[in-house]
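The lines below spell out each chain.
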Amino acid sequence: MEPEPGEFLSMLTGEEEQALRAAGRVRRWDRGTSVMNEGDYGDWVLVLLEGRVKVSSHTSNGTEVVLAVRGPGGLLGDMSAIDGSPRSATVTALEPITGIVVRDFPAFLETHGRIAVLLMKLVTGRLRDSDRKRIEYGAFDTTGRVATRLIELAERYGEKTSSGVRVALPLSQDELAGWTGASREAVSKALRTLRDRGLIETGRRRVVIHDLDGLRKRAR
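Throughout this description, residue numbers start from 1 for each chain and increase along the sequence as written. At least 70 in pLDDT is required for a residue's local features to be given in this predicted model, at least 80 for side-chain atom pairs to be given and counted, and no such filter applies to totals for whole chains, interfaces and linings, which use all residues. Neither water nor hydrogens contribute to the side-chain values; these are computed over all heavy atoms in the structure.

What follows covers the overall build of the chain. Secondary structure elements follow DSSP: runs of H or I no shorter than four residues count as helices, runs of E no shorter than two count as strands, and numbering proceeds from the N terminus. Scanning the chain from N- to C-terminus turns up eight helices and twelve strands. With C-alpha atoms as the basis for the radius of gyration, the globule rule is written as 2.2 Å multiplied by the number of residues raised to the power 0.38. In terms of overall dimensions, the chain is globule-like: its C-alpha atoms have a radius of gyration of 18 Å, near the 17 Å expected for 220 residues. Its C-alpha atoms give the chain principal-axis dimensions of about 55 × 40 × 30 Å. Any residue under 20% of the maximum accessible area for its type is buried, any over 50% is exposed, and the rest in between are partly exposed; the area is computed with a 1.4 Å probe on protein chains only. Residues classed as buried in the chain amount to 46% of the 220 residues present.

See below:
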């Protein structure tokens, strides 16, 4: 499976990818498996080859907050591997996944200076994305935030069909709620609003976007 544009693996040259593979080993996890756990320590990272994961954290009252969804090419666990601090989030397989596990990641970066610079750019992009989402939470209502997340999924994983852009949702409504910073009830209401406007059609773990431009307008 090809890495997603902009993800870590897509930024490497062929030689760099070979060096990464040589430094690690391929592992597989079943859907629903916790690949990394918030609070654990580890010097290893995971580079996804197939499948998608959610990156999440829990508030003091136990509410799950989904921070990101990562797909093929994504790099996970790098912050903890580099600074030695506990994992800041839990990584869970949303579907069966395959990835390269690289242990002692700092040592790998020391011998591959260009990759270390690419990682700095990647981390900067994540910080910008985090800032953008914080602005969304303050400026958009729940329907706008749900629309924004659906657009993101459509642009990353959408498949064009005769009826629109079909997205096989890797998230349940509870997880989508955690990704939009809203309750499950509010997300259900937002999806119903978007359906009533003819913008989307929903089914079990899937959504068809009939009017992507209209959805973008609602997301503003």
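What follows continues from the structure just given.
With that settled, consider the packing of aromatic side chains. Aromatic ring pairs are defined here through the distance separating the ring centres and the angle between the ring planes. Stacked, edge-to-face and tilted labels apply to pairs of Phe, Tyr and Trp rings (six-membered ring for Trp) whose centres lie within 6.5 Å, assigned for plane angles under 30 degrees, over 60, and everything in between, in that order. Tallied over the full model, the rule gives one aromatic pair. With 6.1 Å between their ring centres and 15 degrees between their planes, F105 and F108 make a pair best called stacked. Of this pair, F105 and F108 both sit in helix α3 (residues 105-110), separated by three residues, roughly a single helical turn. Both residues of the pair, F105 and F108, belong to the buried class. When the NZ atom of lysine or the CZ atom of arginine is within 6 Å of a ring's centre and also within 35 degrees of its normal, the charge is said to sit over that ring. Directly above the aromatic system of W179 lies the positively charged group of R149, at a separation of 5.3 Å from the ring centroid.

On to the pattern of salt bridges, then. Here, a salt bridge means any Lys or Arg side-chain nitrogen found within 4 Å of an Asp or Glu carboxyl oxygen. Scanning all chains against the criterion turns up 15 salt bridges. Taking the shortest distance from any N to any O, the salt bridge between R216 and E155 comes out at 3.3 Å. Residue R216 is located in helix α8 (residues 212-219), and its partner E155 is located in helix α5 (residues 142-157); the two are separated by 61 residues in the primary sequence. By relative accessible area, R216 is classed as partly exposed at 29%. Residue classification places E155 among the exposed positions, given a relative accessible area of 54%. When salt bridges that share partners are traced, they join E4, R149, E152 and R156 into one network.

So, about the sheet that holds strand β1 (residues 24-29). Strand order in the open sheet made by the four strands is β1-β8-β3-β6, with antiparallel pairing throughout. On the outer flanks of this sheet lie β1 and β6 (75-76), each paired with one strand and no other. Pairing of strand β3 (residues 45-50) with strand β8 (residues 97-102), which is carried by five bridges, proceeds in the antiparallel orientation. Counted as the bridge partner of V47 is I100 from β8. Criterion used throughout: strands pair if DSSP finds at least two bridges between them.

Positionally, E152 belongs in helix α5. Between the C-alpha atoms of E152 and R132, which are 20 residues apart in sequence, the distance is 13 Å.

Any empty space left between atoms is shown by rolling a water-sized probe over those atoms. Definitions used for this entry: grid spacing 1 Å over protein atoms alone; cavity, a set of points where a 1.4 Å probe fits but cannot get out; pocket, an open set with protein on both sides within 12 Å along at least 5 of 7 lines; lining residue, one with an atom within 4 Å of a point. Grid points are joined across faces, edges and corners, and a volume is the space filled by probe spheres set on the points. The computed volume of the largest pocket comes to approximately 710 Å³. In this structure, the largest pocket is lined by 29 residues; those nearest its centre are V55, L67, M79, S88 and R126. Only β5 (64-70), β6, α2 (78-83) and α4 (113-139) provide two or more residues apiece to the lining of the largest pocket. Broken down by element, the lining of the largest pocket gets its largest block of residues, eight residues, from α4. Residues that form the lining of the largest pocket fall into these classes: 16 nonpolar, five polar and eight charged. In this structure, the second largest pocket encloses a volume near 330 Å³. We call Asp, Glu, Lys and Arg charged. Ala, Val, Leu, Ile, Met, Phe, Trp, Tyr, Cys and Pro are nonpolar, and the rest, Gly among them, are polar.

In this section: the sheet that holds strand β4 (residues 53-58). Taken together, the four strands give an open sheet; going across it, the order is β2-β7-β4-β5, and neighbouring strands pair in antiparallel fashion. Two strands close off the open sheet at either side, each with one partner strand: β2 (34-36) and β5. The sheet shows a mean angle of 35 degrees between the axes of neighbouring strands, direction not considered. In the sheet, β4 pairs with strand β7 (residues 90-93) via four bridges, with the strands oriented antiparallel. Between N-to-C directions, angles cover 0 to 180 degrees, with each direction set by a line fitted to C-alpha atoms, over the stretch in contact for helices.

What follows is about the packing of α5 against helix α7 (residues 184-196). Look at α5 against α7: their axes get within 9 Å of each other, and the N-to-C directions meet at 75 degrees. As summarised for this structure, α5 and α7 are arranged roughly perpendicular, according to the angle between their axes. In contact with T142, T143, V146, A147 and L150 of α5, α7 contributes A186, V187, A190, L191, T193 and L194. In terms of residue class, the contact of α5 with α7 is built from eight nonpolar, three polar and no charged. Geometric relationships in this document are graded by angle, where less than 35 degrees denotes roughly parallel, more than 145 denotes roughly antiparallel, 65 to 115 denotes roughly perpendicular, and other angles denote oblique. Any pair of residues with heavy atoms lying within 4.5 Å of one another is described as a contacting pair.

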